[in-house]
Amino acid sequence: MKIALPFPLTAHRQRPALGLACTALFSALGVWLAPYLGEGYAALVFVVGVSVVGALCGLSVALAMALLGALAFDFFVSEPVFKLSLRRVTDLAPLVVFTLSALISGLLSGRLRDEAMRANASNLHLQNLLDIARRLQRANSAEQVYQALQEGLADTWGEGQRLGLFRDTGGQLVELGSMLDDPQAPIMAREVVGGPAEVLQIGDMVACRLASGEGSTGALVVQGAGLDAGFLLAKGRLAALALERVALARQLAEAHAQARAEDLKTALLSSVSHDLRSPLTAISTSAASLLEFGASFDAETSRELLAGIVEEAARLNDVTTNLLQMTRLQDGGANLLQTPLSVGETLLSVVERKRRGGVAQRLVLVGAEQELAIMGDRVLFDLALTNVLNNATLYSPADSTITIACSRHAQGCKITVTDEGQGIPAAEQALVFDRFYRGTNNARQARGSGLGLSIARGFVEACGGRIEITSPVAQGKGTSLAIILPLMVSQDLHEGGFMSKEGA
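Here's what I pulled together on the structure shown here. Given the structure is predicted, the values throughout are model-derived calculations rather than measurements.

Conventions adopted
Residues numbered from 1 in each chain as written. Predicted model: local features only at pLDDT ≥ 70, side-chain atom pairs only at ≥ 80, totals over all residues. Heavy atoms only, no water. Helix = DSSP H or I, 4+ residues; strand = E, 2+ residues; numbered from the N terminus. Expected span 1.5 Å × (residues − 1). Bend = angle between axes of the 7 residues up to and from the residue. 1 Å grid on protein atoms, 1.4 Å probe; cavity = no way out; pocket = protein on both sides within 12 Å on 5 of 7 lines; lining within 4 Å. Points joined across faces, edges and corners; volume = space filled by probe spheres on them. Axes fitted to C-alpha atoms, helices over the stretch in contact; angles between N-to-C directions. Parallel < 35°, antiparallel > 145°, perpendicular 65-115°, else oblique. Left-handed = near helix turned anticlockwise from the far one by under 90°. Contact = heavy atoms within 4.5 Å. Nonpolar A, V, L, I, M, F, W, Y, C, P; charged D, E, K, R; others polar. Phe/Tyr/Trp six-rings, centres within 6.5 Å; stacked < 30°, edge-to-face > 60°. Buried < 20%, exposed > 50% of the residue type's maximum accessible area, 1.4 Å probe, protein only. Core = buried A, V, L, I, M, F, W, Y, C linked by side-chain atoms within 4.5 Å. Salt bridge = Lys/Arg side-chain N within 4 Å of Asp/Glu carboxyl O.

Moving on to helix α1 (residues 15–37). The end-to-end C-alpha distance of α1, which contains 23 residues, comes to 30 Å, matching closely the 33 Å that a straight helix rising 1.5 Å per residue would cover. At V31, α1 is deflected by roughly 25 degrees, the largest bend along its length, and proline P35 occurs up to four residues later in sequence. Of the residues trailing α1, G38 is marked for its positive phi of about 95 degrees.

Another aspect to go through is empty space enclosed by the protein. Applying the stated criterion across every chain yields a total of three cavities of 30 Å³ or more. By volume, the largest cavity is sized at about 110 Å³. Lining the largest cavity we find 15 residues, and of these N391, A392, D419, I424 and T479 sit closest to its centre. Secondary-structure elements contributing two or more residues to the lining of the largest cavity are α10 (378–394), β10 (412–419) and β12 (479–486).

Let's shift gears to the packing of α1 against helix α3 (residues 59–76). Contact pair α1 / α3: the axes reach a minimum separation of 10 Å and the direction vectors enclose 25 degrees. Between α1 and α3, the angle falls in the class roughly parallel. Where α1 crosses over α3, the two elements pack in a sense that is right-handed. Two secondary-structure elements touch here, α1 through R15, P16, G19, L20, T23, S27 and V31 and α3 through V61, M65, L68, G69, A72 and F76. Each residue belonging to the contact of α1 with α3 can be placed in one class, and the counts come to eight nonpolar, four polar and one charged.

With respect to the helices and strands, L29 occurs in helix α1. Expressed as a C-alpha distance, the spacing of L29 and G49, which sit 20 residues apart in the sequence, is 9.6 Å.

With that settled, consider the packing of aromatic side chains. Counted under the stated rule, the structure contains two aromatic pairs. With a centroid separation of 6.5 Å and an interplanar angle of 45 degrees, the aromatic rings of F293 and F297 are classed as tilted. Exposure remark for F293: the relative accessible area of 41% places this residue in the partly exposed category.

Okay, the nonpolar core next. V343, F381, F459, I483 and L485 are the most contacted members of the largest nonpolar core, which has 36 residues in total. When residues of this core are traced back to their parent elements, those giving at least two are α9 (343–356), α10, β9 (401–409), β10, α11 (452–462), β11 (466–470) and β12. The element that contributes the greatest number of residues to this core is α10, accounting for eight residues. Aside from chain neighbours lying at most four places away, what touches V343 is L372, A373, I374, F381, C406, C413 and I415. Among the nonpolar cores identified, the runner-up in size contains 25 residues, and I132, A142, L149 and A239 belong to it.

With that settled, the discussion passes to the pattern of salt bridges. The final tally for this structure, using the stated rule, is four salt bridges. The partner of R353 in a salt bridge is D382, and the shortest N-O contact between them spans 2.7 Å. Of this pair, R353 sits in helix α9 while D382 sits in helix α10, and the two are 29 residues apart along the sequence. Relative accessible area serves as the criterion here: at 34%, R353 is assigned to the partly exposed category. A residue is classified by how much of its surface remains accessible, and D382, at 22% relative accessible area, is partly exposed.

This next bit is on α3. For α3, built from 18 residues, the straight-helix expectation of 26 Å at 1.5 Å per residue is met to within 8% by its first-to-last C-alpha distance of 25 Å. For α3, every residue scored as buried is listed here: V61, A62, M65, A66, G69, A70, A72, F73 and D74.

Have a look at this one:
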């Protein structure tokens, strides 16, 4: 931002020419008006001309033009005309008046010019500080703070400056970024951090303290020509505030992460305590009844108690399996064993196992005969499909049909599990994949740990796929859950070495 002056300040080389032109113009005007105004008023025209020259061109040009104007006035206007006459005291009056006008106007012009330059420099500094403050406001790390300062210094003094940024960490300075190769830079940084002076300058190197509300946070060291120590100190304070904000933001993020971890632990303990205690209680009760009263029970009652023990043991195994596999997905699937998997064979195995375990719904498998293969973890793929199918059976009527379909989908395969249950409200569809989430509808609160769909989504995302949910499906009921996974190419399929159904 620049200051707009009421008149232009001409360049140094243009001032003499401009002064001569103004003097000639006003001299010609004074000579032309002299017959009409008289000698005294014509002199005022010359005075105005000298004042204009002083205002536009400065003191030195104004003094020269004052002498030239005085000679022109004496020669063209003052009696005798067309003859220089400086013998009387009155002949020197125009020269004295013109010189005084030149001095006054020239001094005022120089003073105004200096003030304008200072105001312009101040405005530029303020604008630069504002630009740096905006850059620092966008900085989210110490490295970005250093980059913002480097760009701000380049805007102020050009590309010739070298910058070093140091942070004070418990009495030890850590270099956040530096282009300085002078061993004096760290020494100066330590001196301004631990010493009484906020700014230290040695040669072309300036060090300033980064001071914030919590005291000294580090030091800023800059090497280059034409540095303004006060200006650097202002930038250093902005950098200190930015570093303090970055540190507070990091602490806040850590606090939020810790709070979320505590919430997760609480939810995990709550869910695990309930989901483990229920089957253990049922197993313990049935076993105690058989142990104490087994001799008096008939065969049907004993069989029901034993079947309950087997069922609750299977449920307990499912809960522990889900919890163990969830830990494998915590790091985004980095520790998963990737092997070639046949989609059709895995689906057939999961559905047959579910049928053997006893299920009240009709399970219809479509498209399992296709030669489709993916790359993934065998245990988690089986568990993900099992959890999706369990979820469908838990929330579907006993006499309904569950359709499991497999088909090609663009460059991948699509596995859909469609039930005829009550459906999932739109507000809950984005939440059912969260860990330990259970629907708010009482009819949907069947037994479960709330981990099944979360594990399914974790496996799908680890394989580079996606999982989608559609509800309702038809007549306001039903839910269709689709798993879309990228396919392996046929060459990788054969190199993987797994056997088809015919070769098993």
